[in-house]
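An overview of the molecular structure
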Amino acid sequence: MKTNRVITILFFLLLVLIPLDFFLIFKVAPTEKVMGDVQRIFYLHVSIASGALLAFTGVFLSSILFLWTKKIAWDIAACTSAEIGVLLSTLVLITGSIWARPVWNVWWTWDPRLLTTLILWFIYVGYFLLRSGIADKFRKAQYSAVIGIIGFIDIPIVRYATKWWKSIHPLLTQNGGGLNPVMKKVMLFSITTFVVITIFLFFFRFRLARIEERLQILKKKMED
Amino acid sequence: MNIIELRDIKKQYHAKTALDGIDITVREGDSVTIFGSNGAGKTTLLKVISGIMSPTEGKVFYNNKAYSESDIKKETFYLGHKTSLYNALTVQENMHFICRLFSINHKGEFVDSILKEHGLWERRSDPVNELSHGMKRRLALAKGFIINPKVFVLDEPFTGLDLKWRASVLSKIKDLRGKGKFLILATHLVEEGYELADYVAFLHKGRFLFIRKKEEVDIKEIKEFFHSPGDDLG
Amino acid sequence: MKFMGHAISILRKDILLEIRGRESLSLMLFLSLLLLVIFNFALDIDIDNVSSLASGILWVIFVFSGILGMGRTSMAERDEEAYLSIVFSPVSAESFYIGKVLSNLLFLLIMECFTLLFFAILFDFEKIISLLPQLLPALFLGTLGFSLVGTLFSFLTSASRYGEVLLPFLYLPVVVPVILGGVTSMDIILNDKVGGADKWIQLLAVFDVLYFAISLILFRYIIEE
């Protein structure tokens, strides 16, 4: 099958990319002067966030395609992307906290970016709450597509609102200043790695979901 | 000549196949009764025909055109298990609301005459939730007479009615047949369904066991199908 | 215009339904009053802090009473699948949506006016009534935003097994920008803080337009199965 080949290729690619990425982050990238080694988590943090954003974009596009074509495969794609998105955005929040503690001296700050991520997280956890509450497959797909679309469009709105809200209150912290050229390259590499990881996870999970789906249908047929 | 046509309709719920390859053609003025036990897929089929539900696969044609759901919806009166009435509103208010939706003049005699015809006139100022079950079903059907569309899709119109009410609902549905409407009916009441039909069909596990002219099928045969559907199919 | 005519018919029906059934507005008013009492205990409101707390308290009440009310009106629509009579009529999904938005907006605004009045009376804070003309734009636009999103979401969640309970989980995160706008601009006006209120009102208007456009497109997918 085609999906299988994609998964295999991505898997071997990641076997190279991930160790290399960690090597670059921990050995090649220079230690940041003010923050020290803890700043290295920043590479992961930003990369995971890019992966999460990619996943939510996937939810958005799959949802639109579902409403358009009414093909249940798009719903499975949307749901799969949402799962990955929730997983990655949870990691974003955790890595962010670990980073914030030594650097900003707090576990949490009401920074617009953090706030947006948190709200995003809430929206997509709600997405799964909704899915668990609707039995009809088609209706479930249809309704969650609506949430998938409106939730995604809401991201920039939330981002803008929280930013404007913060600009009235004094800004407590400034995100890490400029990165030097080596740091920038490491960052770029790390982001690429995590984009590949996200795509890999997507295909892997997607295939599993399709198999689950087929299994359920077969089981039902056996019962009948 | 108007025709409703369903081609290879499949509908899947979570893991259950409700409809598994349905083909049927209905001509204007013909009345089809779909028999079947509970869970055979009757309700799903009627919802697909009336456009509330899109099928997982297959197409619905109306007048040889692939009709969009919203179009067929407007040509159809669908009466399901639920009454689609606002419980807190009175009989008359419900009817007037329907008239507004369909741009029908509700100030004239029209609504009153239909309420009288259906034996609801005395109860016109009572909220729907104070009516008996039979009254509610009757009111729900009367709504169809106000809208007066081409297609009447009735899902178990006799459920929960005692004999007196059943007879009166039956006679109202017969009136519709006389007016040359499409009548698509799902029921497990063999006598009533048989009486109203031009064509009879038997649905079992999402498939038609047969669709035939009424004259070709004996009422006893249908009854037997209810006892042992699909025996000959294995 | 037929389009608006249909929407108005639905609004009329909802008003009638409220008069006959008293299922939504009266519950909202009751919850508002109850929350005011709770906040009084929780925050120990007095003459000194009432002005700085007012905006936050009021908008939290608006949000939660609103969720309750919009959940109720959607459940009334799902009860006996009453909404199908609208779906099966020449009324477009868009008119249906706008009609429901209007009725939710109306009930929310009535609830908010009463809440403001209760607030002024209970906490001896007449200033909020005298400032009403200045507060009105943000109040209206914020409430419109609630109604635009809430109409879509409450109709969506009312079909789920969890019913109205699910509504806040989906609705609250999405309307955060509206809440922010409402709270902040009201706070600025009540406490004579410098600048920004106008900007927030403009922002709320922009949000409303965006929410309106998306919800109007998406509503039709919620009323078909």
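Anything mentioned here points back to the structure above.
The text that follows walks through the structure, step by step, so that each part is easy to find. Think of each chain on its own: its residues are numbered from 1, step by step along the sequence as written. The order in which chains are written sets their letters, starting at A; the order in which ligands are written sets their numbers, starting at 1. Residue-level local features of this predicted model are given only where pLDDT is at least 70; pairs of side-chain atoms are given and counted only at 80 or more, and the full residue set underlies all totals for whole chains, interfaces and linings. Hydrogens and water molecules were not included; the side-chain quantities draw on all heavy atoms of the structure.

**Overview of the overall build of chain C**
Helix numbers and strand numbers start at the N terminus; a helix is a DSSP run of H or I with at least 4 residues, a strand a run of E with at least 2. When its secondary structure is counted, chain C shows 9 helices and 0 strands. Listed by position from the N terminus, the elements making up chain C come as α-α-α-α-α-α-α-α-α. We take the radius of gyration over the C-alpha atoms and set the globule estimate at 2.2 Å times the residue count to the 0.38 power. Taking 2.2 N^0.38 as the reference for a compact globule, 225 residues should give roughly 17 Å; the C-alpha atoms of chain C span a radius of gyration of 18 Å, in line with that estimate. Viewed in the frame of its principal axes, chain C has a C-alpha envelope of about 55 × 35 × 30 Å. Counting across all 225 residues of chain C, residues that qualify as buried make up 60%. Two residues form a contact once any of their heavy atoms are found within 4.5 Å. For chain C, contacts bridging at least 24 residues in sequence account for 80% of all contacts bridging at least 6. Accessible surface, chain C as shown: approximately 8500 Å² in total, 70% of it carbon and sulfur. Burial status follows relative accessibility: with a 1.4 Å probe on protein chains alone, a residue under 20% of its type maximum counts as buried, one over 50% as exposed, and anything between as partly exposed. We get accessible surface area from the Shrake-Rupley algorithm with a probe of 1.4 Å; when it comes to residues, only the shown protein chains can shield them.

**A look at the interface of chain C and chain A**
Taken together, the 31 residues of chain C in the interface contact 30 residues of chain A. In short, buried area is how much 1.4 Å probe accessible area vanishes from two parts on joining, totalled over both. Together chain C and chain A conceal approximately 2900 Å² of surface at their shared face, both sides included; 76% is due to carbon and sulfur atoms. We define a salt bridge as a side-chain nitrogen of Lys or Arg found within 4 Å of a carboxyl oxygen belonging to Asp or Glu. Counting across the chain C and chain A interface gives 0 salt bridges. In protein, a polar contact requires one atom able to donate a hydrogen and another able to accept it; more generally it is a pair of N or O atoms within 3.5 Å, and residues adjacent in sequence count only if both atoms are side-chain atoms. Run the count over chain C and chain A and you get 8 residue pairs in polar contact (both at pLDDT 80 or more). Mapped by element, the contributors of at least two residues to the side of chain C that touches chain A are α7 (132-157), α8 (167-190) and α9 (197-223) of chain C. Take the side of chain C that touches chain A: its biggest share by element is 11 residues, from α9 of chain C. In terms of residue class, the side of chain C that touches chain A is built from 23 nonpolar, 3 polar and 5 charged. Under the scheme applied here, ten amino acids are nonpolar (Ala, Val, Leu, Ile, Met, Phe, Trp, Tyr, Cys and Pro), four are charged (Asp, Glu, Lys and Arg), and all others, including Gly, are polar.

**Brief notes about helix α1 (residues 2-28) of chain A**
All names here are of chain A. Over its 27 residues, α1 runs 37 Å from end to end, which matches the ideal 39 Å to within 8%, given 1.5 Å per residue. The quantity called bend is, for any residue, the angle between two axes fitted respectively to the seven residues ending at it and the seven beginning at it. At Leu14, α1 shows its maximal bend, which comes to roughly 30°. Every buried residue belonging to α1 is among Thr3, Ile7, Leu10, Leu14, Leu17, Asp21, Leu24 and Ile25, and all of these are buried. For α1, the secondary structure elements touched by its buried residues are α2 (41-69) and α6 (181-223). How far a helix is expected to stretch is found by multiplying one less than its residue total by 1.5 Å.

**Focus on the sheet that holds strand β9 (residues 199-204) of chain B**
Strands pair in a sheet through their backbones, by hydrogen bonds, and they do so in one of two ways: parallel or antiparallel. All names here are of chain B. We call two strands paired when DSSP finds no fewer than two bridges between them. Spatially, β6-β7-β8-β3-β9-β10 is the arrangement adopted by the 6 strands of the open sheet, whose pairing is mixed. The outermost strands of the open sheet, each flanked by one partner alone, are β6 (76-79) and β10 (207-213). Going across the sheet, the axis of each strand differs from the next one's by a mean of 15°, ignoring polarity. Taken together, the 4 bridges between β6 and strand β7 (residues 151-155) define a ladder with parallel strand orientation. Across the sheet, residue Tyr78 finds its bridge partner in β7, namely Val153. Every angle, taken between N-to-C directions, lies between 0 and 180 degrees, and every axis is a line fitted to C-alpha atoms, over only the stretch in contact when it is a helix. Here helix α5 (residues 133-147) sits on the sheet in contact with β6 and β7, set at roughly 180° to β6.

**A few points about the interface of chain B and chain A**
Contacts between chain B and chain A engage 9 residues on the former and 9 residues on the latter. Of the roughly 920 Å² buried between chain B and chain A on both sides combined, carbon and sulfur atoms contribute 48%. Linking chain B with chain A are 0 salt bridges. Joining chain B to chain A, the criterion identifies 0 residue pairs in polar contact (both at pLDDT 80 or more). Grouping the amino acids of the side of chain B that touches chain A by side-chain chemistry returns 3 nonpolar, 3 polar and 3 charged.

**Brief notes about the packing of aromatic side chains**
All names here are of chain A. Two aromatic rings from Phe, Tyr or Trp, using only the six-membered ring of Trp, form a pair when their centres are within 6.5 Å; if the ring planes differ by under 30 degrees the pair is stacked, by over 60 it is edge-to-face, and anything between is tilted. Under the criterion given, the structure shown has 30 aromatic pairs over all chains. Taken together, a centroid distance of 5.7 Å and an interplanar angle of 70° make the contact between Trp121 and Phe122 edge-to-face. Given a relative accessible area of 41%, Phe122 falls into the partly exposed group. Relative to Tyr127, the ring of Tyr124 lies with its centre 6.2 Å away and its plane at 50°, an arrangement referred to as tilted.

**Brief notes about unusual backbone geometry**
The backbone of Asp8 of chain B shows a phi angle near 50°, a positive value even though the residue is not glycine. Structurally, Asp8 of chain B is set in strand β1 (residues 3-12). Here Asp8 of chain B falls in the partly exposed class, since its relative accessible area comes to 36%. Phi angles above zero are rare outside glycine, and Asp124 of chain C is one such case at about 50°. Residue placement: Asp124 of chain C occurs in the loop between α5 (93-122) and α6 (127-130).

**Considering the packing of helix α3 (residues 91-101) of chain B against helix α1 (residues 2-21) of chain C**
Running from amino to carboxyl end, α3 of chain B crosses α1 of chain C at an angle of 165°, the nearest separation of the two axes being 9 Å. Classed by the angle they form, the pair α3 of chain B and α1 of chain C counts as roughly antiparallel. In the crossing of α3 of chain B with α1 of chain C, the sense of the turn from one axis to the other is left-handed. Contact residues: α3 of chain B offers Glu93, Phe97, Arg100 and Leu101 of chain B, while α1 of chain C offers His6, Ser9, Ile10, Arg12, Lys13, Leu16 and Arg20 of chain C. Across the contact of α3 of chain B with α1 of chain C, the residue classes break down as 4 nonpolar, 2 polar and 5 charged. Each angle receives one of four descriptions, namely roughly parallel if under 35 degrees, roughly antiparallel if over 145, roughly perpendicular if within 65 to 115, and oblique otherwise. Helix crossings get a hand from a simple test, with the near helix turned counterclockwise from the far one by less than a right angle marking a left-handed crossing and a clockwise turn marking a right-handed one.

**Things to note about the pairing of strand β3 (residues 31-35) of chain B**
Residues and elements named next belong to chain B. The element β3 is largely enclosed, with a buried count of 5 among its 5 residues. Residue alternation in β3 divides its side chains into two sets, Ser31, Thr33 and Phe35 and Val32 and Ile34, and both sets are buried. One ladder, built from 4 bridges, connects β3 with β9; its direction is parallel. The residue of β9 that forms the bridge with Ile34 is Ala201.

**A short note on the environment of Trp107 of chain A**
All names here are of chain A. Relative to the assigned elements, Trp107 resides in the loop between α3 (72-104) and α4 (112-132). C-alpha of Trp107 to C-alpha of Phe56: the two residues are 51 residues apart in sequence and 25 Å apart in space. The contact partners of Trp107, leaving out residues within four places of it in the chain, are Ser97, Ile98, Ala100 and Arg101.

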